[in-house]
Amino acid sequence: MVARSPAGVEMRGPRQRLVEQLREKGVTDLAVLRAFELTPRHEFVPTGIRHRAYEDAALPIGNGQTISQPSVHGRSLQLLRLTGRERVLEIGTGSGYQTVLLSHLVDQVFSIERVAPLLDAARRQIAALDAKNVSLLMGDGTVGWREYAPYDAIIVSAASPDVPAPLVAQLADGGRLLVPVGGRDAQALVLVTRRGDGYDREELDAVRFVPLLGRHGWTP
Ligand code: SAH
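Residues numbered from 1 in each chain as written. Predicted model: local features only at pLDDT ≥ 70, side-chain atom pairs only at ≥ 80, totals over all residues. Heavy atoms only, no water.

A count of helical and extended segments in the protein chain gives six helices and nine strands. For the protein chain, whose C-alpha radius of gyration is 16 Å, the value lies close to the compact-globule estimate of 17 Å for 220 residues. Seen through its C-alpha atoms, the protein chain measures out along the principal axes to roughly 55 × 35 × 35 Å. Expressed as a percentage of its 220 residues, the buried residues of the protein chain come to 50%. Taking as baseline every contact in the protein chain between residues at least 6 positions apart, the subset at least 24 positions apart corresponds to 53%. (Helix = DSSP H or I, 4+ residues; strand = E, 2+ residues; numbered from the N terminus. Rg over C-alpha atoms; globule rule 2.2 N^0.38 Å. Buried < 20%, exposed > 50% of the residue type's maximum accessible area, 1.4 Å probe, protein only. Contact = heavy atoms within 4.5 Å.)

With that settled, the discussion passes to the packing of helix 1 (residues 12-24) against helix 2 (residues 30-38). Packing of helix 1 against helix 2 leaves a shortest axis separation of 9 Å and a crossing angle of 155 degrees. Considered as vectors, helix 1 and helix 2 are oriented roughly antiparallel to each other. The two elements helix 1 and helix 2 cross, and the hand of that crossing is right-handed. Residue-level contacts link Arg15, Gln16, Val19, Leu22 and Arg23 of helix 1 to Leu30, Leu33, Phe36 and Glu37 of helix 2. Looking at the contact of helix 1 with helix 2 residue by residue, the class counts come to five nonpolar, one polar and three charged. (Axes fitted to C-alpha atoms, helices over the stretch in contact; angles between N-to-C directions. Parallel < 35°, antiparallel > 145°, perpendicular 65-115°, else oblique. Left-handed = near helix turned anticlockwise from the far one by under 90°. Nonpolar A, V, L, I, M, F, W, Y, C, P; charged D, E, K, R; others polar.)

Let us now look at the sheet that holds strand 3 (residues 87-91). One open sheet holds the seven strands; their spatial order is 5-4-3-6-7-8-9, and the pairing between them is mixed. Of all the strands in the sheet, the pair left with one neighbour each is strand 5 (134-138) and strand 9 (198-207). Across the sheet, the axes of successive neighbouring strands diverge by a mean angle of 15 degrees, strand direction being ignored. Bridging between strand 3 and strand 6 (residues 151-156) involves four bridges; their strand directions are parallel. Across the sheet, residue Val88 finds its bridge partner in strand 6, namely Ala153. Contacting strand 4 (108-113) and strand 5, helix 5 (residues 116-128) crosses the sheet at an angle of about 165 degrees to strand 5. (Pairing = 2+ DSSP bridges.)

Pairing analysis gives three bridges linking strand 1 (residues 59-62) to strand 2 (residues 65-67), with the strands arranged antiparallel. Bridging across to strand 2, Pro60 finds its partner in Thr66. What sits between strand 1 and strand 2 in their antiparallel hairpin is a turn of two residues, with Asn63 showing a positive phi close to 55 degrees.

Let us now look at the site of the ligand. Close contacts around the ligand come from 26 residues, with Ser95, Glu113, Asp140, Gly141 and Leu213 the closest. Ser157 is positioned with one of its side-chain polar atoms (N or O) 3.4 Å from a nitrogen atom of the ligand. Per-element tally for the shell around the ligand: the top contributor is strand 2, with three residues. Considering only residue class, the shell around the ligand consists of ten nonpolar, 13 polar and three charged. (Near = heavy atom within 4 Å. Polar contact = N/O pair within 3.5 Å; in protein donor to acceptor, adjacent residues only side chain to side chain.)

Bringing the pattern of salt bridges into the picture now. For the structure shown, the criterion picks out ten salt bridges. One salt bridge in this structure joins Arg75 and Asp205, with 2.6 Å as the shortest N-O distance. Taken together, the residues span a long stretch of sequence, with Arg75 in helix 3 (residues 70-79) and Asp205 in strand 9 at a distance of 130 residues. We classify Arg75 as partly exposed; its relative accessible area is 32%. Residues Arg195 and Asp200 are paired through a salt bridge, measuring 2.7 Å at the closest nitrogen-oxygen approach. Judged by relative accessible area, Asp200 falls into the partly exposed class, the value being 34%. (Salt bridge = Lys/Arg side-chain N within 4 Å of Asp/Glu carboxyl O.)

For the rest of this paragraph, the subject is unusual backbone geometry. A negative phi angle is the norm for most residues apart from glycine, just as the trans form is the norm for most peptide bonds. A cis geometry characterises the amide bond from Ala149 onward to Pro150, with omega recorded as 5 degrees. Within the element layout of this structure, Pro150 appears in the loop between strand 5 and strand 6. At Asn63, a residue that is not glycine, the phi angle is positive and equals roughly 55 degrees. Along the polypeptide, Asn63 turns up in the loop between strand 1 and strand 2. Residue classification places Asn63 among the partly exposed residues on the basis of a relative accessible area of 48%. Of note, the phi angle at Arg81 is positive, near 45 degrees, even though the residue is not glycine. Along the chain, Arg81 turns up in the loop between helix 3 and strand 3.

Written out as structure tokens, the structure is:
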């Protein structure tokens, strides 16, 4: 059997250069930067494009989907102002990369993906990296995951025509929901914060995500 070099050691140089780039692009939250340092992005991209894994670029992961650009993950995770104690719901597991970033940043991660082969690959990778605080569900994330609600933070990794109402309903008091909202080709990152029975809504960066397909998103 060939010994596999530990993910933490492999490609450490390129990973540190990526962290440096993220810092230059405004990611200053030390816990977020540390999560990037700990997470081997090359394990989440197809073998043929591994050499590009530490570019600050979105890359294809199959099934017409992409692993998001690291600086977009960095900015989003920073906007959620995580302290380590949260229970977080992620919609759109995709490669599972951001799921593992989250596993380093919060107490419990719940993540939903609608494309079965992507979820299977993500599940294998998450297990290989020994992230034990992650629960995965195959299905339509626009309806949320009621069983474990409320969530301190919800992060949607695909773009929706509107803020999905069930997700807002599953926020804890003080909880934050980050979701790209807009047309199919261009969106704004929207941050919804629950305050008692009311909600604050802020429109932030212009972004471009793949469509959120489901009951409270775009029609599949
Ligand atoms: N953060 C992921 C992003 C993947 S792209 C990564 O970096 O790898 C967005 C993902 O959202 C795709 O895998 C897509 O299949 C998934 N998706 C789209 N609509 C969804 C829905 N309603 N429920 C769950 N996942 C959905």
